[in-house]
Amino acid sequence: MGLGAYVAVSAALFALGLIAILARRNVIYILMGIEMILNAANLNFVAFNRFGSMQLDGQMFAIFTIILAAAEAAVALAIVLNVFYLFDSIKPSEADLLRE
Amino acid sequence: MKKEAALQRIFYGALGVLALAGLGVGLAVAGAQGLAFALFAAMTLGGGVMCVWERSIVRSAFALMATFTGIAGLFLLLEADFLAMAQILIYVGGILALLLFAVMLTPPDLGERRLGRILATTVLVGGATVFLGLEVARTANWFVLGAPLDGRAQDEFGSAERIGVGFLALDQYVVAFELAAVVLTVALVAAVYIARRKKSDLEPEVDTQQEPA
């Protein structure tokens, strides 16, 4: 399979992540969408690494992306738990203390 | 609820037909390798579509497991074996468990999904993606990017050994590696600190104001 097939899958996964973020009113869906988008970026890195003239740089980038995604998920879920304690809800539209 | 069940049946029927069509196209275009690619691509995209579609968060999280596993399979097809294993360990084993943990701690909200909103977003985002994709396919120089460089030395241990050397060799990624370690430590300690409940939250409300005698 050529590079184009992988890039197409990556683009579709990115679009799905964007849809999950935009269409669902729930913080956890936003996190899932972010994970999908990061995975799409990783797939692009590895595909271009395979088909380009790089040595291993794309895979290294993907590894650092995975590391940062793990850190991001841990911190984001801690924040979600705190938001739930504070507002009794995990809808992003209800965390509006500054509006009042 | 009858309408809901019918909707589910239509959705999964369409998804299955699409996946089978993808497998057939892959097999017809590139043989066994195309079949493997189509299988993993179908897992990836099907999981993503289910995640957007499903009403309950738990089902969405488990659909995301298919997505992550499919991505790991695509990594394997791209000869990134170390990354594939890391993907399964970290995403399927770690991040997904964290997501499910957060799901269990929050109440279900089954009325949150709006089909109209999903449809409108799909049309918008899908249209933008298709437009950009066609534009890129038209302008990119695929002759430079197209073929894998077969002259490159592939060592017999796969990519794991070269990645390990890249992490530790002084002229390559050792600074980024140490920085990543620091970032992970700080982020995880911060996560524990943020998520912990303050002691004052756990104690029952005590009336601290002394009643005048």
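Residues numbered from 1 in each chain as written. Chains lettered and ligands numbered in written order. Predicted model: local features only at pLDDT ≥ 70, side-chain atom pairs only at ≥ 80, totals over all residues.

So, about the overall build of chain B. When its secondary structure is counted, chain B shows 8 helices and 0 strands. Listing every helix and strand of chain B by position from the N terminus yields α-α-α-α-α-α-α-α. Buried positions account for 22% of the 213 residues belonging to chain B. (Helix = DSSP H or I, 4+ residues; strand = E, 2+ residues; numbered from the N terminus. Buried ≥ 20, exposed ≤ 12 C-beta atoms within 10 Å, placed from the backbone.)

Next up on the list: the domain arrangement of chain B. The parts lose accessible area when they come together, and the size of an interface is often stated as this lost area. Residues and elements named next belong to chain B. Segmentation of chain B into domains returns domain 1 (6-125) and domain 2 (157-198). The gap between the C-alpha centroids of domain 1 and domain 2 is 28 Å. Between domain 1 and domain 2, the contact holds 4 residues from the first and 4 residues from the second. The residue makeup of the side of domain 1 that touches domain 2, split by class, is 2 nonpolar, no polar and 2 charged. (Domains from an automatic or database assignment. Contact = placed C-beta atoms within 7 Å. Nonpolar A, V, L, I, M, F, W, Y, C, P; charged D, E, K, R; others polar.)

Next up on the list: the interface of chain A and chain B. With 59 residues of chain A at the contact, the number on the chain B side is 67 residues. Those elements that place two or more of their residues in the side of chain A that touches chain B are α1 (3-23), α2 (27-51) and α3 (57-87) of chain A. Top element by residues in the side of chain A that touches chain B is α3(A). It accounts for 22 residues. Across the side of chain A that touches chain B, the residue classes tally to 47 nonpolar, 8 polar and 4 charged.

Our next topic: the nonpolar core. The biggest cluster of nonpolar side chains holds 75 residues, and the ones touching the most others in it are L16(A) and I28(A). For this core, the secondary-structure elements that each account for two or more residues are α1, α2 and α3 of chain A together with α1 (2-53), α2 (57-77) and α3 (81-105) of chain B. It is α2(A) that contributes the most residues to this core, 14 residues altogether. Looking at which domains feed residues into this core, each of domain 1 (6-125) and domain 2 (157-198) of chain B gives three or more. If sequence neighbours within four positions are ignored, I28(A) has contacts with V80(A), I90(A), I57(B), L99(B), A102(B) and V103(B). (Core = buried A, V, L, I, M, F, W, Y, C linked by C-beta atoms within 7 Å.)

α2(B) packs onto α2(A) with a crossing angle of 5° between their chain directions and a minimal axis gap of 11 Å. For the element pair α2(A) / α2(B), the angle class is roughly parallel. Across the interface between the two elements, I28(A), Y29(A), M32(A), E35(A), M36(A), N39(A), L43(A) and V46(A) of α2(A) pack against I57(B), S60(B), L64(B), T67(B), F68(B), I71(B), L74(B) and F75(B) of α2(B). A breakdown of the residues in the contact of α2(A) with α2(B) according to their chemical character gives 12 nonpolar, 3 polar and 1 charged. (Axes fitted to C-alpha atoms, helices over the stretch in contact; angles between N-to-C directions. Parallel < 35°, antiparallel > 145°, perpendicular 65-115°, else oblique.)

Take the environment of V175(B) next. Looking at where V175(B) falls in the secondary structure, it is placed in helix α7 (residues 174-195). Residue classification places V175(B) among the exposed residues on the basis of 9 C-beta atoms within 10 Å.

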